[in-house]
Structures are given as structure tokens and as C-alpha cells.
Amino acid sequence: MLQDIRFALRTLARQRFVTAMVVLCLALVVGVNTAVFSVFRSYILKPLPYPEVDRLALVVAQQRALSDDESALSQADFRDFAAETTVFETLGAVSVRTVNLTGDGPPEQLTAPLLTADALDILGARPIVGRAMTEDDSTPGAAKVVLLDHAFWQRRFEADPGVVGRTVLLDREPHEVIGVLPEGFEYVWWGADVWLPLTLDPAATDRSQRTLGHLLGRLRPGVTPDQARADVERVAAELETRHPETHRGYTALARTLPEWAPGPTDTRLFSIVQVAGLLVLLIACANIANLLLARGQVRRREVALRTALGAARTRVLRQLLTESVVLALLGGIAGVGLGAVGVRLMRGALVEATLPRFILPELDGWVLLFSLVISALAGVVFGVVPGLQAARSSVSEELKEGGSRGSMGGRRVAARGFVIAEIACATALLVGAGALFRTFFEIQYGDHGFRTSGLLTFGLSLPEDRYPDDEKRNAFREQLLPQLAAVPGVSSAASSTALPRSRAVPVAGVTVADVELGDERAREAAWLSVSPDYFETLGLPLLRGRAIEPSDRSGTTDVAVVDAAFADRFFEGDEALGERFEMLGRTRQIVGLVSNVKQRRISVLENADPTVYLPAAQAPSAAMQWVVRARSGDEESLTEGVRAAVWAIDPELPLDSMMSLDQFISVQLAGIDVLTSIIGGFASFAMLLAGLGVYGLLAYSVSQRTREIGLRMAMGASRRSVMGMVLRQGLMLAGAGLLFGVPMAWGVSRLLAAMLGPLGAPPPSLLPAIALGLVVVTMLASLLPARRAAMLPPLSALRVE
């Protein structure tokens, strides 16, 4: 084997051009596959970083009529689940909110999960400095304490261990720092800055106060997920019977943590992307196999001579396969380097999206092993056919002077087969990639339904001690809006509970009197609490009726402006103005109709989210997002003026995530942007490889048929007919490839539609467009060999041998 490897290295060094082409092609394909697998492993294959993660389960409330709705629970519900379920060894409660850090240093808005000591213990969090939370920290009247996230501790307090025992002001209330959590620890969904104990009141009996996001429990040994689901649903049914006024129509879901993150759609999507990468690798292998077949023609006399001198055919085959594997490993090593660059770029893009750190890709030992394994397998795949062709060649024919024609038939058939397979695989891959790319591109860059340019956004969270009720929150909003509008360069300003395309657009159930909604129709809609100038600021067209006005206040008729998607879904396209519906426990009258907007992060305009816009004065919130439109379109110039306007009213309010709306959408969709780039790269590379395969085969065919072409031209064949002969050969390859590729593409499209629903369904025009594109690429790839054949001087061609 060592002798074979040394010989392979000497041979590859002599054939530098072929070696460089193969290594470059493999490096690109292996590099992309390495980067994709790093994401796949981190997000899909690697278990969540919690002890006994398969025994951890989440419990959420759910309305039966809203299959995608996850409702919060009350403290009384938590006590009942903890007392009546039999499947949990330990059960805790988790929620999340934002808090404002003031005092020492600039004000800052922080993400603060609130959880019981049991929940923190379930997650296996052990402070590296200080102590953990205890049950006493969650009792009413207990001293307020806080745990610091490791990254926040480093950023804000420069990793000072003496911070334990110090007091920090959160929402103007003093909290004692009791510890620092270990580096890398975080919750499955939220990137946290500080962790607070969740105060539980044993006397709390109001079940309509759903303040707990979800419950987190550790299953007893031997309890299966199905048993946990059944037990939780049993308790939820009993609560519905005992408390129909608050629990009618509600059930509860229990799923293990790995069932929640990643979800089934994410798993399928990333699996599809990984399979697409491997399919591109196979296309590249077919191209390289053709290149090695061509190289084998040069070496056929060498192989025949070695066989004649006594080398066994298996020995020759092993030598040739060793060369292929060595070649593949060289490409794999180069691919790992390119993959490392890709991992770094994707990691940076996903960090911008504020995703949990434990799902970020990294180049670990498993990823390196994957790269080397697929490189070695690629070497076997693209080396086995050329090796068999060379090992099976006739010794007597190959050693005859001028006997080189005897063994060409099999090689030509194999070469054509590889090119046809490339075109067929490229067709299937391009259909799948095209469908996903179109959907992702539409999600990321399609028409949002409003003008995103020139908008500056930021978030404010009003502390409860200074803004404890709706009256004070409304007063702050009504005071700030004219201040923002008066900032030089501002044309208008508005507030909303959420920005379009964010991860957390609220959704609620809708009830329409005298309208029967079948089970197949969704009964939910997104809702936003907005200020009167919201539609003007976003540039959202008003279709009919009126917008929200300052007179729409508490104590007046509850009104709403809805979009066209809401009117179509709940009123079947009839005139919606003046109609009434129930949402969030109140009956509301529709006074206006606006055009559709993509509200949620994953939505497409053809399947727009029905949206209800409520007056901010009738549905105030402590946490609001603000949008300011620049008169000149340069939103960056407004930042200092906007900060000054906010701090003139309350100098201790931090402004969170001040950025343009375009930047905000890019951050929310950073993961989608990465997938769009990967899918687009796969499609482009597959098309390029198919074209190169056709070009390589025809160029080699022309070189082998030089004498035949010269004879044809000497007997009167025109240059046009010679070009036509080569072009027809290319078209026949394209036709044969499409003949196999179209059924494969149809299967891929059906598979995507079945796995991802509307997200993966390709448009009807995609397959014909791809087939036409492959024909055009084939014609372009055939043009140069055809022209070369037509330009051959007949006498020179006849003297080639």
C-alpha cells in the first residue's frame, strides 16, 4: 500500500493539470458539504446541552381550535399540574421578560428569563461564582436577587468575581447579584443577560392571569413521551371540567425538549439541504470520473505493459483506485480548509440573528471525519469505473501499434453514461433547489407590503414601578410621539407591539358571530396594538374606511383595522367594514381595511397572515417597538435626535436594538439568508458541473474522432454539417439526461410538498424553465468543441496518426 501511495503521488505530480482540476473541483464541493454538515450536526444531530435531555419535557397550554397556538398558564394551573401529574420527577415554571438596567453605566435593556429553582436545577445550571437560586428566592416578600449570564458578566462587569454581593438596579429595583452562570449555558430559545427567580404566590387563585410561559419538568425513569402526553392531557381535561369559565376549549401539550428544538420542519429542511449537497458531490464525481477516463486513454499502454509483465488485474485495479483515493483526499484536505472559512462565515451570520450559541456551527472532530469519509468515498466512486475499464482492457490490442481503437467503445459508453447521469441529477437537484430558493428568496427579499427604506426602529420597555397601569403607559406614548415627530429630519413616528417579520408577533383566536368556521379553516390572526400614525409611517395603503384615530381611546367603542387577508378569511371576501368580531375577550368593530403585510418571520405573501390592528390606547403595552421615518431617507442620521427625545422624557430608559428596519429584518431572517445562499450555490454549481461534463465529453470525443472528421471534410462535408454533428451529440446527451431527470424531479417536488407543505411546493413553470436552461447550457458547452471540429484542416486531420 505504501508503494502504491508513493507511486500515486509521483503520477499525480507528473500530471499537474489534471490533478489541479480534480483537487479544485473536489475542494469546492467538499468545502460546501463540510460547512453544511457543521450546521446540520450542531443544530440537528448534536444533543441539547442539558443533563438527561431526553427526560426533559415542556408543558404548554393550547386552545383546541388553534393548532399552532401556545398559551401561557396561571400559577394555580402550575400548582395543579405539579400536584396531579404522575409522570414528572420534578416540575418547574419558566417565563421571560425584558428589564431595564440603570445606575452604574449607560441604561441597557436586558432579556431576563424568570424561573423557579427547580427549573434551573433541571437544566443543570451550576454557578461558577456565587450560589444558585433556592426555593426561598421565589417566595413573596423575599429579597430580590439575580444571576448573571457569563457573556453579560464579561461585557458589563469585565468578569469581576467581586460582582457577587453587589446591588444592581433592574427596573429601578435593587437586586443582589448572587452568582454567575457558566460560559455557554443558555436556554433553548432565548439568549439571556440575567436570570431572575420567578415569584410564586401560594394564594394566587385567578386562573385568567396566565403569566407563566410554560412548565419544564424531568420525567420519571421509564416514563415514555407518549405516557407523559397522555397524563398531561388527563390533568388538562380535569381542569377544564372543574374551571369551565377559564379553561373551556383548552388542553395542554407535553413534549420532550428534543421534540421542540429542533422542530420537525427544521429537521426535514436541513436534511434536504444536506442531501442536496451530497447530490452535488455525486455530480462532481461523475465529472471527475469522465476526466479520469480521458486520462486513462493516455495510460492504457502503460497498464497493458504492466499486465503483460505479470501484474494481476486486481493489482492494477488497486493501484488505480489508490491513485483516485489519494487524489480525493488531497481535494478533501483542501475542502476542509474552504469548509472552515464557510463555517466561520455562517457562524457570524447566525450570531447576528441572536440564535442560541449551542446551535452555532463549529469544525469539530465529527465534521472533520465526515469530510475525510466523503472524500475517500468520492475517490472510490469516481475511480472505480475508470479503474475497471483500464484493468479489463485487452493486452494484445493495446500493445499493437495503432491498436488504440479496439477498446474505445466501452469507454465512450461509460463517459456518455456519466454525463447523462450528471444532467439527470442536476435536473432533480435544480428543481428542489429552485423551489426552496424561490421560497426563501420571497421570504427574505419579496414584497413586504410596505416601504422598508428610511425607517429607524428601536424598542422600549416601561418599568412597572413608574408605569404601573394603562393610564401612565398611554400618557408616556402620547408624550413621546410628538417629541419624536419634532426631531429634525423626521417625517412621522409610530409605535407597535411588534415589528413586521419579527419572531414574536402575537396571535389570538377570532370568533365571528353567525359565521361557522369549519375545522379546516384557521381561526387565528396576528394582532398589533398600534398608534394612529402607524399606517402613514410604514407607508401601508388604506384600502377602505378609516385608519386608527386619536379619538379611539379607552371607554369608546372598541374598533379595529384589518387587512385584506383577514377580510377574505373571516368574511369570505364580503365587505368587512362595520362588521364585528371577538378577539382577546372583547367584541370589536371593523372601521378600516388595509393591504396585506408579511407579519411573521416565516410567511409568504400568497399565504399572508390575517392581521388585526388595534388602537394602542385601547390595548396598551409596557413593551413597545417604535418606528421613525426619515424625511430624506437617511435613517442613520436620526439616531442621536431620537435618543435625546426619549431621554428628555425619561433619562433612565434604555433604547434597545436601534437599527434600520431593513437591518432588523435581515437579523430576523439571518438563518433563512444562510439557507438561501447555500441552496443558490448548490443550484449554480450543479448547472456549471453539468455544462463542464458535456464540454469535457464532446471535447474529448472531437479529439478522438479527428481522423474521422478529416475524412468527412475531405469527402465534401461542410463546416456547418460538422458543427451540427457535434451539436446534435450534445443535444442527444441533454435529451437523454432530461428523460431520466424529469421523473426524478417530479419525485423531488412531490417529496418537498409532502415534507414541507406550501413552503416546498415548486411553481408549475419551474421544471420547464430548468429543462430549457439545461438545454441552453448544453448547447453553449457543445459550441466550442463543435467549432473546433469545424475548423480542423482536412489534411492535418488525416495525418493525425
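Our structure is the block above this text.
First, a word on what this report is: a plain description of the structure on this page. (Residues numbered from 1 in each chain as written. Predicted model: local features only at pLDDT ≥ 70, side-chain atom pairs only at ≥ 80, totals over all residues. Heavy atoms only, no water.)

Regarding the overall build of the protein
Okay, so step 1: Helix and strand content of the protein: 23 helices and 21 strands.
Okay, so step 2: Taking all 801 residues of the protein together, 52% fall into the buried category.
Okay, so step 3: Looking at the protein alone, contacts between residues at least 24 apart form 82% of all its contacts between residues at least 6 apart.
Okay, so step 4: Summed over its atoms, the accessible surface of the protein is roughly 35000 Å², and 58% of this surface lies on carbon and sulfur atoms. (Helix = DSSP H or I, 4+ residues; strand = E, 2+ residues; numbered from the N terminus. Buried < 20%, exposed > 50% of the residue type's maximum accessible area, 1.4 Å probe, protein only. Contact = heavy atoms within 4.5 Å. Areas by Shrake-Rupley, 256 points an atom, 1.4 Å probe, with all protein chains shown as cover.)

Regarding the packing of aromatic side chains
Okay, so step 1: Applying the stated rule across the entire model yields 14 aromatic pairs.
Okay, so step 2: Considering the side-chain rings of Phe 458 and Trp 626, the 6.4 Å spacing of their centres and the 5° angle between planes classify their relative orientation as stacked. With a gap of 168 residues between them, Phe 458 in strand β11 (residues 455-461) and Trp 626 in strand β20 (residues 623-630) connect regions that are remote in the sequence. Note on accessibility: Phe 458 and Trp 626 belong to one class, buried.
Okay, so step 3: An aromatic cluster is present here, built from Phe 458, Tyr 467, Phe 476 and Trp 626 joined pairwise through their rings.
Okay, so step 4: Arg 210 extends its terminal NZ or CZ atom over the ring of Tyr 250, reaching a point 4.2 Å from the ring centre.
Okay, so step 5: Across from the ring centre of Trp 260, 4.8 Å away, lies the NZ or CZ of Arg 255, which sits over that ring. (Phe/Tyr/Trp six-rings, centres within 6.5 Å; stacked < 30°, edge-to-face > 60°. Lys NZ or Arg CZ within 6 Å of the ring centre and 35° of its normal.)

Details of the pattern of salt bridges
Okay, so step 1: Inspection of the entire model under this criterion finds 30 salt bridges.
Okay, so step 2: Taking the shortest distance from any N to any O, the salt bridge between Arg 155 and Glu 108 comes out at 2.5 Å. Here the residue Arg 155 occupies a position in helix α5 (residues 150-157), and Glu 108 occupies one in strand β3 (residues 108-115), the gap between them amounting to 47 residues.
Okay, so step 3: Since its relative accessible area comes to 16%, Glu 108 is described here as buried.
Okay, so step 4: Connected through shared salt-bridge partners, Glu 52, Arg 55, Glu 89 and Arg 218 make up one network. (Salt bridge = Lys/Arg side-chain N within 4 Å of Asp/Glu carboxyl O.)

Examining a nonpolar patch on the surface
Okay, so step 1: Residues Met 1, Leu 2, Ile 5, Leu 9 and Leu 330 make up a contiguous nonpolar surface patch of about 460 Å² in total accessible area.
Okay, so step 2: Here the element with the most residues in the nonpolar patch is helix α1 (residues 2-14); it accounts for three residues.
Okay, so step 3: With respect to the helices, strands and loops of the structure, Met 1 is situated in the segment before α1. (Patch = residues over 30% accessible without salt bridge, like charges linked within 9 Å, V, L, I, M, F, W, Y side chains within 5 Å.)

Concerning the nonpolar core
Okay, so step 1: Among the nonpolar cores identified, the biggest contains 146 residues, and Leu 26, Tyr 50, Tyr 187, Trp 195, Phe 382 and Tyr 613 are the most heavily contacted of them.
Okay, so step 2: Once you skip the residues sitting within four places of it in the chain, Tyr 50 turns out to touch Leu 56, Leu 123, Phe 185, Glu 186, Tyr 187, Val 188, Leu 257 and Phe 358.
Okay, so step 3: Of all hydrophobic cores here, the second largest spans 41 residues; its members include Ala 57, Phe 78, Val 194 and Ala 236. (Core = buried A, V, L, I, M, F, W, Y, C linked by side-chain atoms within 4.5 Å.)

As for the environment of Val 702
Okay, so step 1: Along the chain, Val 702 falls in helix α19 (residues 670-704).
Okay, so step 2: Every residue in contact with Val 702, bar those within four places of it in the chain, is listed here: Ile 709, Val 726, Pro 785 and Ala 789.

A look at the packing of helix α3 (residues 75-84) against helix α6 (residues 225-242)
Okay, so step 1: In the contact formed by α3 and α6, the axes pass within 10 Å of each other and the chain directions differ by 130°. Classed by the angle they form, the pair α3 and α6 counts as oblique. For α3 against α6, the interelement crossing comes out right-handed. Where α3 approaches α6, its residues Asp 77, Asp 80, Phe 81 and Glu 84 are matched on the opposing element by Val 232, Arg 234, Val 235, Ala 236, Glu 238, Leu 239 and Arg 242.
Okay, so step 2: In terms of residue class, the contact of α3 with α6 is made up of five nonpolar, no polar and six charged. (Axes fitted to C-alpha atoms, helices over the stretch in contact; angles between N-to-C directions. Parallel < 35°, antiparallel > 145°, perpendicular 65-115°, else oblique. Left-handed = near helix turned anticlockwise from the far one by under 90°. Nonpolar A, V, L, I, M, F, W, Y, C, P; charged D, E, K, R; others polar.)

So, the packing of helix α14 (residues 470-485) against helix α17 (residues 639-649)
Okay, so step 1: Where α14 contacts α17, the two axes come as close as 9 Å, and the packing angle between them is 145°. Of the two elements, α14 crosses α17, and the hand of that crossing is right-handed. Residues Phe 476, Gln 479, Leu 480, Gln 483 and Leu 484 of α14 form the contact with α17, whose own contacting residues are Val 642, Ala 645, Val 646 and Ile 649.
Okay, so step 2: A class-by-class count of the residues in the contact of α14 with α17 yields seven nonpolar, two polar and no charged.

Details of the side chain of Glu 108
Okay, so step 1: A distance of 2.5 Å separates polar atoms of two side chains, one belonging to Glu 108 and the other to Arg 155.
Okay, so step 2: The contacts of Glu 108, once residues within four sequence positions are left out, are Val 99, Asn 100, Leu 101, Phe 152, Arg 155, Arg 156 and Pro 654. (Polar contact = N/O pair within 3.5 Å; in protein donor to acceptor, adjacent residues only side chain to side chain.)

Some thoughts on unusual backbone geometry
Okay, so step 1: Of note in the backbone geometry, Ala 159 takes a positive phi value of approximately 55° without being a glycine.
Okay, so step 2: Tracing the chain through its elements places Ala 159 in the loop between α5 and β6 (167-170).
Okay, so step 3: When its relative accessible area of 28% is taken as the criterion, Ala 159 is described as partly exposed.
Okay, so step 4: Backbone geometry at Ser 657 places phi at a positive 50°, although glycine is not the residue there.
Okay, so step 5: Structurally, Ser 657 can be placed in strand β21 (residues 656-660).

Considering the environment of Val 510
Okay, so step 1: Assignment of secondary structure puts Val 510 in strand β13 (residues 507-511).
Okay, so step 2: As for Val 510 and Glu 524, which are separated by 14 residues in sequence, their C-alpha atoms are 5.5 Å apart.
Okay, so step 3: Not counting residues up to four positions away in its chain, the partners in contact with Val 510 are Arg 523, Glu 524, Ala 525, Phe 566, Phe 570, Phe 581, Glu 582 and Met 583.

Looking at the pairing of β11
Okay, so step 1: In terms of burial, β11 is a largely internal element, seven of the seven residues being buried.
Okay, so step 2: Burial of β11 is two-sided: the residues Leu 455, Thr 457, Gly 459 and Ser 461 facing one way and the residues Leu 456, Phe 458 and Leu 460 facing the other way are all buried.
Okay, so step 3: Strand direction decides the pairing type here: β11 and β20, joined by seven bridges, are antiparallel. The residue of β20 that forms the bridge with Leu 456 is Val 628. (Pairing = 2+ DSSP bridges.)

Things to note about the side chain of Thr 457
Okay, so step 1: Mapped onto the secondary structure, Thr 457 falls in strand β11.
Okay, so step 2: Look at Thr 457 and you get buried, because its relative accessible area is 1%.
Okay, so step 3: Dropping the residues within four chain positions of it, Thr 457 is found in contact with Leu 499, Trp 626, Val 627, Ser 657, Met 658, Met 659, Ser 660, Leu 661 and Phe 664.

Points about the state of the cysteines
Each disulfide consists of a covalent bond between the sulfur atoms of two cysteine residues.
Okay, so step 1: A full pass over the atoms with the stated rule returns zero disulfides.
Okay, so step 2: Free of any disulfide, Cys 25 has its nearest cysteine sulfur in Cys 285, 8.4 Å distant. (Disulfide = S-S within 2.5 Å.)

Digging into the pairing of strand β12 (residues 490-496)
Okay, so step 1: Buried residues dominate β12, accounting for six of its seven residues.
Okay, so step 2: Taken together, the six bridges between β12 and β20 define a ladder with antiparallel strand orientation. Across the sheet, the residue bridging to Ser 492 is Arg 629, located in β20.

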